[in-house]
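The primary structure of each chain is shown beneath.
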Amino acid sequence: MTYWKQGRIHREIDASLCQCWIVRVEDTLAGYITLLADKLQVEDPLLAKEGVKYRTFPAVKIGLLAVDRRTKGLGIRLMDWAIDYVITEVTPIIGVRFITVDALYDADVEPAYDASGFYAKLGFEFAIPTDPLPPVNPYRTMYFDLKQLSEALVTEDMTEDS
(Lines give C-alpha, C1' and ligand atoms only; values in the text may rest on other atoms or scores of the structure.)
Protein backbone atom coordinates (compact mmCIF):
# COMPACT_ATOMS: atom_id res chain seq x y z
CA MET A 1 0.00 0.00 0.00
CA THR A 2 3.11 2.14 -0.15
CA TYR A 3 2.23 3.86 -3.43
CA TRP A 4 -1.11 4.95 -2.00
CA LYS A 5 0.52 6.44 1.09
CA GLN A 6 3.22 8.16 -0.97
CA GLY A 7 0.59 9.81 -3.19
CA ARG A 8 1.88 8.17 -6.38
CA ILE A 9 -1.52 6.86 -7.40
CA HIS A 10 -3.22 10.23 -6.90
CA ARG A 11 -0.52 11.94 -9.00
CA GLU A 12 -0.94 9.39 -11.81
CA ILE A 13 -4.73 9.77 -11.74
CA ASP A 14 -4.44 13.57 -11.80
CA ALA A 15 -2.10 13.26 -14.80
CA SER A 16 -4.70 11.05 -16.59
CA LEU A 17 -2.25 8.14 -16.69
CA CYS A 18 -4.43 5.54 -14.98
CA GLN A 19 -7.67 4.85 -13.18
CA CYS A 20 -7.79 3.31 -9.74
CA TRP A 21 -10.39 1.19 -7.98
CA ILE A 22 -10.16 0.68 -4.26
CA VAL A 23 -11.64 -1.74 -1.76
CA ARG A 24 -12.36 -0.54 1.75
CA VAL A 25 -13.29 -2.61 4.75
CA GLU A 26 -15.12 -0.21 7.03
CA ASP A 27 -12.85 2.86 6.93
CA THR A 28 -9.64 0.99 6.15
CA LEU A 29 -8.05 0.66 2.71
CA ALA A 30 -7.99 -3.08 2.02
CA GLY A 31 -6.62 -2.98 -1.52
CA TYR A 32 -6.45 -1.24 -4.87
CA ILE A 33 -5.82 -1.88 -8.53
CA THR A 34 -4.93 0.55 -11.31
CA LEU A 35 -5.55 0.12 -15.03
CA LEU A 36 -3.93 2.02 -17.87
CA ALA A 37 -3.40 1.82 -21.62
CA ASP A 38 -0.46 -0.27 -22.75
CA LYS A 39 0.97 -2.22 -25.65
CA LEU A 40 2.29 -5.74 -25.59
CA GLN A 41 5.52 -6.26 -27.52
CA VAL A 42 6.73 -9.79 -28.22
CA GLU A 43 9.60 -11.35 -30.13
CA ASP A 44 7.53 -13.90 -32.06
CA PRO A 45 4.14 -13.16 -33.64
CA LEU A 46 1.65 -14.46 -31.07
CA LEU A 47 -1.27 -14.60 -33.46
CA ALA A 48 0.42 -16.07 -36.54
CA LYS A 49 -2.06 -19.00 -36.51
CA GLU A 50 -4.84 -16.41 -36.86
CA GLY A 51 -3.08 -14.76 -39.80
CA VAL A 52 -1.93 -11.78 -37.73
CA LYS A 53 1.80 -11.12 -37.99
CA TYR A 54 2.07 -8.15 -35.63
CA ARG A 55 4.55 -8.15 -32.79
CA THR A 56 2.90 -5.23 -30.98
CA PHE A 57 -0.68 -5.41 -29.71
CA PRO A 58 -3.08 -3.09 -27.90
CA ALA A 59 -3.43 -3.96 -24.22
CA VAL A 60 -4.66 -2.79 -20.85
CA LYS A 61 -2.05 -2.87 -18.10
CA ILE A 62 -2.54 -3.77 -14.49
CA GLY A 63 -0.40 -0.91 -13.23
CA LEU A 64 -0.45 -1.39 -9.49
CA LEU A 65 -2.11 -4.05 -7.41
CA ALA A 66 -1.84 -4.08 -3.64
CA VAL A 67 -3.85 -5.73 -0.89
CA ASP A 68 -3.67 -5.82 2.87
CA ARG A 69 -2.21 -9.17 3.95
CA ARG A 70 -5.22 -9.74 6.21
CA THR A 71 -7.60 -9.83 3.22
CA LYS A 72 -7.39 -13.44 2.05
CA GLY A 73 -8.10 -13.79 -1.65
CA LEU A 74 -8.62 -10.07 -2.35
CA GLY A 75 -5.78 -9.94 -4.90
CA ILE A 76 -7.39 -12.71 -6.95
CA ARG A 77 -10.82 -11.07 -6.66
CA LEU A 78 -9.41 -7.74 -7.87
CA MET A 79 -7.74 -9.48 -10.82
CA ASP A 80 -10.94 -11.36 -11.70
CA TRP A 81 -12.84 -8.08 -11.54
CA ALA A 82 -10.25 -6.30 -13.75
CA ILE A 83 -10.33 -9.02 -16.40
CA ASP A 84 -14.13 -8.99 -16.43
CA TYR A 85 -14.18 -5.19 -16.56
CA VAL A 86 -11.83 -5.06 -19.54
CA ILE A 87 -13.82 -7.72 -21.41
CA THR A 88 -17.24 -6.21 -20.75
CA GLU A 89 -16.49 -2.46 -20.73
CA VAL A 90 -13.30 -1.85 -22.74
CA THR A 91 -13.15 -4.42 -25.54
CA PRO A 92 -16.63 -3.58 -26.89
CA ILE A 93 -15.41 0.01 -27.45
CA ILE A 94 -11.80 -0.38 -28.64
CA GLY A 95 -9.59 -3.22 -29.82
CA VAL A 96 -7.87 -4.81 -26.83
CA ARG A 97 -6.72 -8.41 -26.96
CA PHE A 98 -4.40 -8.60 -23.96
CA ILE A 99 -3.99 -7.57 -20.36
CA THR A 100 -0.39 -6.98 -19.32
CA VAL A 101 1.38 -6.70 -16.02
CA ASP A 102 4.96 -6.03 -15.01
CA ALA A 103 5.38 -8.71 -12.35
CA LEU A 104 7.72 -7.45 -9.64
CA TYR A 105 10.95 -9.33 -9.09
CA ASP A 106 12.91 -8.14 -6.06
CA ALA A 107 16.30 -9.83 -5.74
CA ASP A 108 17.26 -7.60 -2.80
CA VAL A 109 15.20 -9.58 -0.28
CA GLU A 110 15.90 -13.07 0.97
CA PRO A 111 14.45 -15.15 -0.56
CA ALA A 112 13.96 -13.13 -3.75
CA TYR A 113 10.38 -11.95 -4.21
CA ASP A 114 8.85 -12.98 -7.54
CA ALA A 115 5.23 -11.93 -8.15
CA SER A 116 5.10 -13.80 -11.46
CA GLY A 117 3.88 -16.97 -9.74
CA PHE A 118 0.68 -15.19 -8.66
CA TYR A 119 -0.04 -14.03 -12.21
CA ALA A 120 0.93 -17.39 -13.77
CA LYS A 121 -1.73 -19.10 -11.61
CA LEU A 122 -4.27 -16.76 -13.22
CA GLY A 123 -3.17 -17.73 -16.74
CA PHE A 124 -0.62 -15.00 -17.50
CA GLU A 125 2.40 -15.89 -19.64
CA PHE A 126 5.79 -14.23 -20.01
CA ALA A 127 6.14 -11.84 -22.94
CA ILE A 128 9.78 -12.92 -23.22
CA PRO A 129 10.02 -16.40 -21.68
CA THR A 130 13.80 -16.47 -22.08
CA ASP A 131 14.41 -13.44 -19.79
CA PRO A 132 17.20 -14.38 -17.37
CA LEU A 133 16.79 -14.32 -13.59
CA PRO A 134 17.31 -11.96 -12.00
CA PRO A 135 15.87 -9.78 -14.76
CA VAL A 136 17.63 -6.64 -15.95
CA ASN A 137 14.64 -4.57 -14.75
CA PRO A 138 13.01 -5.28 -11.38
CA TYR A 139 10.06 -6.89 -13.18
CA ARG A 140 9.10 -9.30 -15.94
CA THR A 141 6.31 -8.43 -18.36
CA MET A 142 3.49 -10.95 -18.54
CA TYR A 143 0.32 -11.07 -20.60
CA PHE A 144 -3.13 -12.62 -20.54
CA ASP A 145 -5.02 -13.32 -23.78
CA LEU A 146 -8.62 -12.17 -23.39
CA LYS A 147 -9.99 -13.82 -26.53
CA GLN A 148 -11.23 -17.13 -25.07
CA LEU A 149 -12.95 -15.44 -22.14
CA SER A 150 -14.46 -12.79 -24.43
CA GLU A 151 -15.83 -15.45 -26.77
CA ALA A 152 -17.17 -17.49 -23.84
CA LEU A 153 -18.93 -14.40 -22.50
CA VAL A 154 -20.54 -13.71 -25.88
CA THR A 155 -21.68 -17.35 -26.13
CA GLU A 156 -23.07 -17.17 -22.59
CA ASP A 157 -24.96 -13.95 -23.38
CA MET A 158 -26.42 -15.49 -26.55
CA THR A 159 -27.56 -18.57 -24.59
CA GLU A 160 -29.25 -16.38 -21.97
CA ASP A 161 -31.03 -14.38 -24.69
CA SER A 162 -32.46 -17.52 -26.33
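Residues numbered from 1 in each chain as written. Predicted model: local features only at pLDDT ≥ 70, side-chain atom pairs only at ≥ 80, totals over all residues. Heavy atoms only, no water.

Quick look at the nonpolar core now. Counting residues in hydrophobic clusters, the biggest one holds 24 residues, and the most contacted among them are I62, M79, V86, I99, Y119, F124 and L146. When residues of this core are traced back to their parent elements, those giving at least two are β2 (28–41), β3 (56–67), α3 (74–90), β4 (98–106) and β7 (139–145). The element contributing the most residues to this core is α3, with eight residues. Apart from the residues within four sequence positions on either side, M79 is in contact with I33, I62, L65, F118, Y119, L122 and F124. Grouped together as the second largest cluster of nonpolar side chains are eight residues, F57, A59, F98 and Y143 included. (Core = buried A, V, L, I, M, F, W, Y, C linked by side-chain atoms within 4.5 Å. Buried < 20%, exposed > 50% of the residue type's maximum accessible area, 1.4 Å probe, protein only. Helix = DSSP H or I, 4+ residues; strand = E, 2+ residues; numbered from the N terminus. Contact = heavy atoms within 4.5 Å.)

Here we take up the pattern of salt bridges. The full count for this structure, using the stated rule, is nine salt bridges. Here E50 ties to K147 by a salt bridge, and the two come within 3.3 Å at their closest N and O atoms. In this pair, E50 is assigned in the loop between β2 and β3 and K147 in helix α5 (residues 147–161), connecting sequence segments 97 residues apart. Residues R140 and D114 are paired through a salt bridge, measuring 2.7 Å at the closest nitrogen-oxygen approach. Here R140 is found in strand β7, whereas its partner D114 is found in strand β5 (residues 113–114), with 26 residues between them in sequence. Take D114: its relative accessible area is 29%, and that puts it in the partly exposed class. A network of salt bridges, in which partner residues are shared, links E50, R97, D145, K147 and E151. (Salt bridge = Lys/Arg side-chain N within 4 Å of Asp/Glu carboxyl O.)

Further remarks concern unusual backbone geometry. Omega for the peptide link from E110 to P111 comes to -5 degrees, which places this bond in the cis form. The residue P111 is located in the loop between β4 and β5 in this model. Of note, the phi angle at S16 is positive, near 60 degrees, even though the residue is not glycine. For S16, the location among the structural elements is in the loop between α2 (8–14) and β1 (19–25). For E26, which is not glycine, the phi torsion reads 60 degrees and is therefore positive.

The full count for this structure, using the stated rule, is eight aromatic pairs. With a centroid separation of 4.9 Å and 55 degrees between ring planes, the pair formed by W21 and W81 is classed as tilted. Of this pair, W21 sits in strand β1 while W81 is found in helix α3, placing the two residues 60 residues apart along the sequence. With centroids separated by 5.6 Å and ring planes inclined at 85 degrees, the aromatic side chains of F98 and Y143 adopt a geometry described as edge-to-face. Of the two residues, F98 sits in strand β4 while Y143 sits in strand β7, which places them 45 residues apart along the sequence. The two residues F98 and Y143 agree in class, both being buried. Among the aromatic residues, those joined into a cluster by ring pairs are F118, Y119, F124 and F144. (Phe/Tyr/Trp six-rings, centres within 6.5 Å; stacked < 30°, edge-to-face > 60°.)

Now for the pairing of β3. Here β2 runs beside β3; their pairing, made up of ten bridges, is antiparallel. Across the sheet, residue G31 finds its bridge partner in β3, namely V67. Bridging between β3 and β4 involves four bridges; their strand directions are parallel. By the bridge assignment for β4, V60 is matched with I99. (Pairing = 2+ DSSP bridges.)

Across seven bridges, the pairing between β4 and β7 is antiparallel. Note on β7: the bridge partner recorded for F98 is D145. Pairing of strand β6 (residues 125–126) with β7 involves two bridges; the strand directions are antiparallel. Bridging from a neighbouring strand, F126 pairs with M142 of β7.

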